[in-house]
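# Fold and geometry: a report
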Amino acid sequence: MLNCYTPRRAPPAAVAVEEQTSADSSRKRPEHRGDGRKASELRRVYLDLGVVSQASGSAYLELDHTKVICAVYGPHAQSMDTAFSEEGQLKCDLRMAPFAQPKRSEVRGQTDEERELSATLQQALEASVRLDLLTKTAVDVYVTVLAADGGVLGAAITCASLALANASIELFDLVAACTAACADGQVLLDPTAQEEAAAGGSVLVAVMPSSREVTQWRQRGRLPSAQAAAAVELCMDGCAGVATMMRARLLAQVDK
Amino acid sequence: MSSIVVPGQVITAEGGFLRGHGTYIQESEDGGEPQLIACVAGVVERVNKLISVRPVKSRYIGEVGDLVVGRVTEVGGKRWKVDVGGHQDAILMLSSVNLPGGAQRKRTYEDQLQMRTFFKENDLISAEVQQIQQDGSIVLHTRSLKYGKLENGQLLRVPQVLVKRLKQHFITLAPPIGVDVVLGTNGRVWITRAMPAEWTGGTSEGADMDTNVLTSKAETLMQLRRLHAETPILRDERERICRVRNAVVTLQHAFALITPDAIAAVYARSVEAGMAAKDMLQAEALASLMPQLDN
């Protein structure tokens, strides 16, 4: 039942969230997390390719309630308003849909958070794209977060990498990304928004799975070094799992 | 043997292979043989020692002599930029177009000022690839009477792998169909009505009598083009164009090569079945029109 779509129940309402966090802290080490997963278990992943017909390549990714869509345009000639570069340019733009989070965002234009996520996304992808072959051209990557329930950046990186592959842009390797959060001395793979909020710190790792080269490593909050190391290891395992699914999806697409 | 690979996948770790499109070589860390790795998702193709990966869809990489159909995106100082579906817009120099009347002379400043009278933004043109530059950008020319502006017809975009290089890319489908098809190697197909025989028959005699054959030929052809562009297309002609268009779409659905014979065959089959042109793309109709792969 790999990569098969079944709609899920809506995430629990805000009141229920509070109850659950208090219940979690009373039990020191729950066997299962709020959604019945083990600590080292990924959420259910759903991938789709070619979802935006006008784009050169596109992908859609779902980690339960985190939903991300990405469209890639190009390669095309570089626009006049940016500095000319002999090598190819990769332009990433990440935006949250106004309805992505429980509270509707009223901000017009890109927020600082979105700009930071865009920059991180670009860094994570840039290492995997063969920019030397895209002389004097630019590739645009547009990511829209449709629903944010934890692990948004990781989902965006994975989804964008698939969209690049779908656009037949030459890549050294795919990029798979994964997040882990540390809460109550326990490392949780692929946390939900609720778990992220409760956690003391989190780690994001993006790797090129074949060569196991890390393209992005982002750490937030306070983490003891042993826990940080454990979180990175867990992320690497998670990325390997995600990469298997990415490859399977791409192969299925080519076979068709 | 053909196999499917994804970016980052090792194709072979044996030495002695040549790196083709869609692959790269990586030195192995333990000092062994360098590995050949895929960098696009697609089918592995081997020609003797050369290994390449052919992606399902790709941007147009031109070859000198290709016929392309493109849209003018920009009129510059001495050149037009033309979107042909490549990495970058192709370049068409003012010096590589035909002047009206087929005059052969240096391009003057006056010509530069009149560039929009030849081609302006959003015009569709057919052209030939003259040169591929070092960085992969394409240079076009239209220095033949068959190339130039495309008017009064229909454009269709298909995957470029379906248009193989043929002897002839300007196709006139035989009289019962009576439709001209321009198969651009960049996957753009232009469909229009064929020149009626009485037009060409009448004017060619006049051209032969003229002393300056080349000039008059160019002029008469221009006149013909203008006549063609200005004459409205009648209902039955429209229907035939539409049927040809849907025949090409049918081939695209079957992922079959788009050749004159294949188009004519699908066209004939649809007429035999008594199908209206508009019904050709319905699911059952498509299935019955699809070319059989075994013959």
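Residues numbered from 1 in each chain as written. Chains lettered and ligands numbered in written order. Predicted model: local features only at pLDDT ≥ 70, side-chain atom pairs only at ≥ 80, totals over all residues. Heavy atoms only, no water.

Chain B goes by Putative exonuclease in an unreviewed UniProt entry, where it is assigned to Tribonema minus. As its UniProt record puts it under Subcellular location (unreviewed entry), chain B is described as follows: "Nucleus". Taken from UniProt, the Sequence similarities (unreviewed entry) comment for chain B reads in full: "Belongs to the RRP4 family." (UniProt positions renumbered as here; feature names shortened; annotations may be inferred.)

As recorded in an unreviewed UniProt entry, chain A goes by the name Ribosomal protein S5 domain 2-type protein, listed as coming from Tribonema minus. UniProt annotates chain A under Sequence similarities (unreviewed entry) with the comment "Belongs to the RNase PH family."

## Overview of the nonpolar core
By size, the foremost hydrophobic cluster in this structure holds 73 residues, and its most contacted members are Val72, Leu121, Val141, Val143, Ile157, Leu164 and Ile169 of chain A. At 13 residues, helix α5 (residues 225-255) of chain A tops the list of elements feeding residues into this core. Among all residues touching Val143 of chain A, those that are not within four sequence positions of it are Val68, Ile69, Cys70, Asp93, Leu94, Arg95, Leu121, Ala156 and Ala160 of chain A. Ile233, Ala256, Met280 and Leu289 of chain B belong to the second largest nonpolar core, which has 30 residues in total. (Core = buried A, V, L, I, M, F, W, Y, C linked by side-chain atoms within 4.5 Å. Buried < 20%, exposed > 50% of the residue type's maximum accessible area, 1.4 Å probe, protein only. Helix = DSSP H or I, 4+ residues; strand = E, 2+ residues; numbered from the N terminus. Contact = heavy atoms within 4.5 Å.)

## Here's the deal with the sheet that holds strand β9 (residues 213-221) of chain A
Residue and element names in this part refer to chain A. Strands sit in the order β7-β6-β8-β9 across an open sheet of four strands; the sheet is antiparallel. Whereas interior strands pair on both sides, the edge strands pair on one side only; in this sheet they are β7 (186-189) and β9. Sheet twist, expressed as the mean angle between neighbouring strand axes with direction ignored, is 20 degrees. Inspection of the sheet shows strand β6 (residues 176-183) paired to strand β8 (residues 201-208) by seven bridges, in the antiparallel sense. Each bridged residue has a counterpart across the sheet, and for Ala177 the counterpart in β8 is Ala206. Running over the sheet, helix α2 (residues 112-126) touches β8 and β9 and is turned about 150 degrees from β9. (Pairing = 2+ DSSP bridges. Axes fitted to C-alpha atoms, helices over the stretch in contact; angles between N-to-C directions.)

## Description of the pattern of salt bridges
In the structure shown here, the tally under the stated rule is 21 salt bridges over all chains. Put simply, Arg165 of chain B and Glu63 of chain B hold a salt bridge, and the shortest N to O gap is 3.7 Å. Of this pair, Arg165 of chain B sits in the loop between β14 (153-157) and β15 (170-173) while Glu63 of chain B sits in the loop between β7 (50-55) and β8 (67-75), and the two are 102 residues apart along the sequence. On the basis of relative accessibility, which here comes to 46%, the residue Arg165 of chain B falls in the partly exposed class. Ionic contacts of the salt-bridge type, sharing partners, join the residues Arg33, Asp35, Arg37 and Glu195 of chain A into one network. (Salt bridge = Lys/Arg side-chain N within 4 Å of Asp/Glu carboxyl O.)

## Quick word on the interface of chain A and chain B
If you look at the interface, chain A gives 28 residues, while chain B gives 25 residues. When the two sides are added together, the surface that chain A and chain B hide from each other amounts to roughly 2,000 Å², 57% of it contributed by carbon and sulfur. Between the two partners, chain A and chain B, sit one salt bridge. Applying the counting rule to chain A against chain B returns ten residue pairs in polar contact (both at pLDDT 80 or more). Listing elements by their share of the side of chain A that touches chain B, those giving two or more residues are β3 (66-77), α3 (152-166) and α5 of chain A. With five residues, the single largest contributor to the side of chain A that touches chain B is α5 of chain A. The residue inventory of the side of chain A that touches chain B, partitioned by class, reads twelve nonpolar, nine polar and seven charged. (Buried area = accessible area lost by both parts, 1.4 Å probe. Polar contact = N/O pair within 3.5 Å; in protein donor to acceptor, adjacent residues only side chain to side chain. Nonpolar A, V, L, I, M, F, W, Y, C, P; charged D, E, K, R; others polar.)

## Some details on a nonpolar patch on the surface
Residue and element names in this part refer to chain B. Residues Leu18, Val47 and Leu50 make up a contiguous nonpolar surface patch of roughly 260 Å² in combined accessible area. Secondary-structure assignment places Val47 in strand β6 (residues 42-47). On the basis of relative accessible area, Val47 is assigned to the exposed category, the value being 53%. (Patch = residues over 30% accessible without salt bridge, like charges linked within 9 Å, V, L, I, M, F, W, Y side chains within 5 Å. Areas by Shrake-Rupley, 256 points an atom, 1.4 Å probe, with all protein chains shown as cover.)

## Notes on the pairing of strand β16 (residues 179-183) of chain B
Residue and element names in this part refer to chain B. Among the five residues in β16, five count as buried, and that is most of the element. Here β16 shows a buried face lined by Val179, Val181 and Leu183 and a second buried face lined by Asp180 and Val182. Looking at chain direction, β15 and β16 are connected through four bridges and run antiparallel. Opposite Phe170, over in β16, you have Val182 as the bridge partner. Across five bridges, β16 lies against strand β17 (residues 188-193) in antiparallel orientation. Residue pairing in the sheet places Val181 in a bridge with Ile191 of β17. Count of turn residues in the β16/β17 antiparallel hairpin: four residues, of which Gly187 carries a positive phi of about 85 degrees.

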